[in-house]
Amino acid sequence: MHISEGILSGPVLISGIALAAAGTAIGLKKLDYDRIPRAAILSAAFFVASLIHVPIGPSSVHLILNGIIGLILGWGAFPVILVALTLQAMLFQFGGITTLGVNTMIMALPAVFCYYLFGRLVGKRPHIAMPAAFACGALSVFFGAVMVGLALTFTEENFLKVSYLVVIAHLPVMIIEGIITAFCVAFLRKVQPDMLPGYSKQTSFTPSKETAGD
Amino acid sequence: MGENSVIIQLENIDFSYAGGKPVLDDLCFTLEEGAKLGIIGHNGSGKTTMLHIIMGLLKPSSGTIRAFGKPIETKKDFLDVRRKIGFLFQDADDQLFCPTVLEDIAFGPLNLGKSPTEARKMAMETLERLNLKGFEERVTHKLSGGEKKLVALATVLVMEPKALLLDEPTTGLDEDTNIRIITLLNSLDIGYIIVSHEYDFLARTTRDIYSVQNGQIVYDGDSSALHSHYHRHLMGKFRHRHETLSSQI
Amino acid sequence: MGENSVIIQLENIDFSYAGGKPVLDDLCFTLEEGAKLGIIGHNGSGKTTMLHIIMGLLKPSSGTIRAFGKPIETKKDFLDVRRKIGFLFQDADDQLFCPTVLEDIAFGPLNLGKSPTEARKMAMETLERLNLKGFEERVTHKLSGGEKKLVALATVLVMEPKALLLDEPTTGLDEDTNIRIITLLNSLDIGYIIVSHEYDFLARTTRDIYSVQNGQIVYDGDSSALHSHYHRHLMGKFRHRHETLSSQI
Amino acid sequence: MLQEPFSTGNSQIHRLDPRFKMVLATVYAFVVALSNSFPALIAALIFSFALIGLCRLGFLEVAKRIALVNGFIVFLWVVVPLTYDGQSIYYLGPFGVSREGVLVSARITLKSNAILLAFIALIASSTVATLGSALSRLKIPAKIIYLLLLNYRYIFVMEEEYRRLLRSASIRGFRPASNLHTYKTYAYLIGILFVKASDRAERVYNAMLCRGFAGKFYSLHEFSFSRLDLIWLVVMTIVIIGLEILEWVKIA
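Residues numbered from 1 in each chain as written. Chains lettered and ligands numbered in written order. Predicted model: local features only at pLDDT ≥ 70, side-chain atom pairs only at ≥ 80, totals over all residues. Heavy atoms only, no water.

Novice: For this particular structure, what's the right way to read helix α2 (residues 75-84) of chain B?
Specialist: Turn by turn, an α-helix covers 3.6 residues, leaving residues three or four places apart pointing in a common direction. The set of residues buried in α2(B) consists of Phe78(B), Leu79(B), Val81(B) and Arg82(B). On an axial view of α2(B), the arc spanned by its buried residues comes to 160°, and they lie on one face. Against α1 (47-54), β4 (62-67) and β6 (85-88) of chain B together with α7 (142-171) of chain D lie the buried residues of α2(B). (Buried < 20%, exposed > 50% of the residue type's maximum accessible area, 1.4 Å probe, protein only. Helix = DSSP H or I, 4+ residues; strand = E, 2+ residues; numbered from the N terminus. Arc of directions from axis to C-beta. Contact = heavy atoms within 4.5 Å.)

Pasting the structure below:
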């Protein structure tokens, strides 16, 4: 999910850069040097996984997986996605330099957002965790598509219809991402639960969580 | 060699990795139904390559592969071969990717079109057969090396293959698992090819032992004649051991 | 055993992984300067765990580690141990984390406080010493398995360690690389501990061979006395081989 | 699967200081992205083609990349002229093709391709390894650079792990289709990939500790700014000023 070079206006590009820089700065602050190798190697796995093409009807789509990366890395999703996009540009020339900020925002902001929305739920009982993971995967793609639409519409009001089409085109991807995220979370819950957020809090009283606040 | 009893036949296979020297050079090889063969050779000699060619994981630069009498050429032919021939990878970690043992073993049957209930039943039966009862809900990733190997073998056997290909099945395993695998292999009524650099293990599980030399398969002899075999190689690749086969199983 | 010549000494080490049964149980072990030791055992026997404890990568639940005569307790002590003892990991991909060979080899010296120019010079010298001249600009991920292992060895040797710990150094390597590693190890004037499940390899690179049994280190014997050793175990874990050590290198 | 086909070569551009190339590519990309006049954009596209020509890259590889990236552009050409407000110059049934829509699409096409070609010439002509160490000399935070370099290094390892797992799945009869079993299988493959990555991260970190890593990264590389770089600095400055003049003249 990215926007190519040459489409967006100056103000949109600059805002993207500024916001992505802020998000990345927060993410980097949470990643001390000792955790860099871990983030980097998870990021490599994320990069490889996002090249997987999954069949859908007669066609296939490649996975985005920003939902799961958000769950695993939290704010770390910002630097990790920035780096993955930089590599994609260097290796495949997808995306590019001027759009790096906007594209990072498109994927990372929904990732962090969904991490806050669903992060605490995926460690709970399966009948809560699986739907939460589905919603996390699907919504992070949906929000990403909305961000693409916003970037286009802020560039040029006349791109509004294009933006609608972009969001609609992502609906099937949303469903697949939701399913894959749900199963992936189910997998991690069994195999390596400490990779998921909120797992250690599993034993605490679940209903009062929200009122407790941060 | 009756035509109908041949499972796999490799004819004049050539293979080399991109930019490398030939690994297999005009290789010919036949696996008959029920035959238990060993292939010995050090790492890099092309043993694994040969198995991968049989499974269609690598494409030879020339030569013909026949399975069950038919030449295997298209992707669909190989899909068919893969349903009938089980392949045990050297590293069990490459073979297992489901969260639990049961799911891993049921994966193959599900792909063959079995219903979840059937697949589950087959998986449970295979576990029982391999003395792995009680493993079904264990997390695959957390098993010990030996346990993983046995589960990997179960994922292959559950598909009821007509023959097995085993790539270095015992490397680094503890003696208990080793003995379990040897006992199991000896009790199988299907044939197999085992590729290994351990003569001992081959002697305990196969009848005829071949080696890969200069890209070709050479018959080394009946495994019960191990001793005389070793002497031929004394100063070279293999070393000399006295073994009483009967004392080891 | 003169006090001053002892490099590493483990005293009454206990260790178990979270929730598991003890891996090491009251283990005692000493590596003297220049000594070349082998530790044999199957995967999961605790060999690797022992090496990780020496390097401070795992913390024993009880027991004392001494290096160069001093007890090693704090993080700073272990930093010091890691500067003086080289550790070769089982998987070279874990050890080579830089994009190019030169950067990988210079990583250690740079951490020791050398200037980039010095680090580069040391790296080049080490490459030359290992007959790897011309590798400096090669991209790490494009090396073959054998090349990766040799470069990994270079990343360790460039730090001029006082002793080496090698974890399964030959797993999956081709025969050529194997022989290069054996020759190199035999030419080193520092001592080392090699952990392996391959008796042959240990016999060709070490003098004394130990095994890990029930969480303890047991002396198995002089590697040149392999023969007598094997007889003791005939019906059990190891098998009987005749070997002429001199004929093998 | 992952190759860097443009990074091998010995053209003038390949020999430029990578730091310099990155700065140039960035400045040029922004200048083109923010231009709107057709003369400037056409000039930029011609210049970008000239850069590719100077790099002497394989035509087919370059064409493949251009085709891939222009997918979205084609989508724009289909949608924008029909949905854009403005004077209709042609009617497709009930839909009017707007003049402004065509112009916007044309501008985007020119910009996109000009920037892409320059990117291939200036950035993809170096390996990621080189670019990473060059970035470290451009005051980019060290954490980002090590994330990038370690990520790059382990992409190949993870890809290999993934390939082996997929191979094992296919050997057990797995054939991807549009069904839940397929999605579940991919989810498991991705799950185990993350678990393996996490395990490997611990081993890699240990390996770093064993080589004296104490929380600080050092760079080995030195780059030098040569006379060739100076010549190119002059050329690019002239080109960029030229593009700005073309852009400006139009507005005035």
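Novice: Would you mind going over the interface of chain A and chain D with me for this structure?
Specialist: A common way to report how large an interface is uses the accessible area buried once the components associate. Between chain A and chain D, the contact holds 72 residues from the first and 77 residues from the second. For the pair chain A and chain D, the summed buried surface comes to about 6,500 Å²; carbon and sulfur atoms form 81% of the total. Among the residues chain A hides against chain D, the three largest losses belong to Tyr33(A), Ile41(A) and Gln93(A). Together they make up 11% of the total. At the junction of chain A and chain D, the tally comes to zero salt bridges. Scanning the region where chain A abuts chain D turns up twelve residue pairs in polar contact (both at pLDDT 80 or more). Examining the composition of the side of chain A that touches chain D, we find that 14 residues originate from one element, helix α2 (residues 36-49) of chain A, more than from any other. For the side of chain A that touches chain D, the per-class residue count stands at 54 nonpolar, twelve polar and six charged. (Buried area = accessible area lost by both parts, 1.4 Å probe. Salt bridge = Lys/Arg side-chain N within 4 Å of Asp/Glu carboxyl O. Polar contact = N/O pair within 3.5 Å; in protein donor to acceptor, adjacent residues only side chain to side chain. Nonpolar A, V, L, I, M, F, W, Y, C, P; charged D, E, K, R; others polar.)

Novice: Got a minute to help me understand the interface of chain B and chain D in this structure?
Specialist: Every contact between the two is made by 24 residues of chain B and, on the other side, 20 residues of chain D. Carbon and sulfur atoms make up 59% of the area that chain B and chain D hide from each other, which totals about 2,100 Å². Scanning the region where chain B abuts chain D turns up three salt bridges. Remark: the boundary between chain B and chain D carries ten residue pairs in polar contact (both at pLDDT 80 or more). Elements represented by at least two residues in the side of chain B that touches chain D include exactly α2, α3 (92-95) and α4 (101-111) of chain B. Ranked by residues supplied to the side of chain B that touches chain D, first place goes to α4(B) with six residues. Per-class residue counts for the side of chain B that touches chain D are twelve nonpolar, six polar and six charged.

Novice: Got a minute to help me understand the nonpolar core in this structure?
Specialist: Where a protein is soluble and globular, its nonpolar side chains tend to be buried together. If you look at the biggest cluster of nonpolar residues, it comprises 217 residues, and the most contacted ones within it are Ile180(A), Phe29(C), Tyr28(D) and Phe194(D). The leading source of residues in this core is helix α8 (residues 180-210) of chain D, at 18 residues. When residues of this core are assigned to domains, at least three fall in each of domain 1 (12-126 + 222-248) and domain 2 (133-210) of chain D. Tyr28(D) has contacts with Ala44(D), Phe47(D), Ser48(D), Ala114(D), Ala118(D), Met236(D), Val239(D), Ile240(D) and Leu243(D), leaving out every residue within four places of it along the chain. Listed in part, the 42 residues of the second largest apolar core include Leu88(C), Leu110(C), Tyr192(C) and Tyr199(C). (Core = buried A, V, L, I, M, F, W, Y, C linked by side-chain atoms within 4.5 Å. Domains from an automatic or database assignment.)

Novice: I keep staring at the packing of aromatic side chains and nothing clicks. Help me out?
Specialist: The geometry of an aromatic ring pair is captured by the separation of the ring centres together with the interplanar angle, meaning the angle of the planes. All told, the structure shown has 25 aromatic pairs over all chains when counted by the stated rule. Seen from their ring centres, Phe29(B) and Tyr210(B) are 5.4 Å apart, and the 80° between their planes marks the pair as edge-to-face. Of this pair, Phe29(B) sits in strand β2 (residues 24-32) while Tyr210(B) sits in strand β9 (residues 208-213); the two residues are 181 residues apart in sequence, bridging distant segments of the chain. Each member of the aromatic cluster is reached from another via a ring pair, and the members are Phe97(B), Phe107(B), Phe174(D) and Tyr186(D). Lying over the aromatic face of Tyr33(A), Lys143(D) brings its terminal NZ or CZ to 5.4 Å of the ring centre. (Phe/Tyr/Trp six-rings, centres within 6.5 Å; stacked < 30°, edge-to-face > 60°. Lys NZ or Arg CZ within 6 Å of the ring centre and 35° of its normal.)

Novice: Any chance you could explain the layout of surface pockets here in plain terms?
Specialist: Any empty space left between the atoms is revealed when a probe the size of a water molecule rolls over them. The space that makes up the second largest pocket amounts to roughly 1,000 Å³. Around the second largest pocket, the lining is made up of 33 residues, and of these Met1(A), His2(A), His62(A), His170(A) and Phe72(D) lie nearest the centre. Tallying contributions element by element places helix α4 (residues 77-92) of chain A first for the lining of the second largest pocket, with four residues. Across the lining of the second largest pocket, the residue classes tally to 22 nonpolar, eleven polar and no charged. (1 Å grid on protein atoms, 1.4 Å probe; cavity = no way out; pocket = protein on both sides within 12 Å on 5 of 7 lines; lining within 4 Å. Points joined across faces, edges and corners; volume = space filled by probe spheres on them.)

Novice: Is there a simple way to think about the sheet that holds strand β5 (residues 70-71) of chain C in this case?
Specialist: Within a beta sheet, neighbouring strands are joined by backbone hydrogen bonds and run either parallel or antiparallel to one another. Residues and elements named next belong to chain C. An order of β2-β1-β4-β5 is seen for the four strands of this open sheet, with the pairing classed as antiparallel. Each of the sheet's edge strands pairs with one partner strand only, and the pair in question is β2 (24-32) and β5. Sheet analysis places strand β1 (residues 6-15) next to strand β4 (residues 62-67), joined by five bridges and oriented antiparallel. Its bridge partner being in β4, Glu11 is matched across the sheet by Thr64. (Pairing = 2+ DSSP bridges.)

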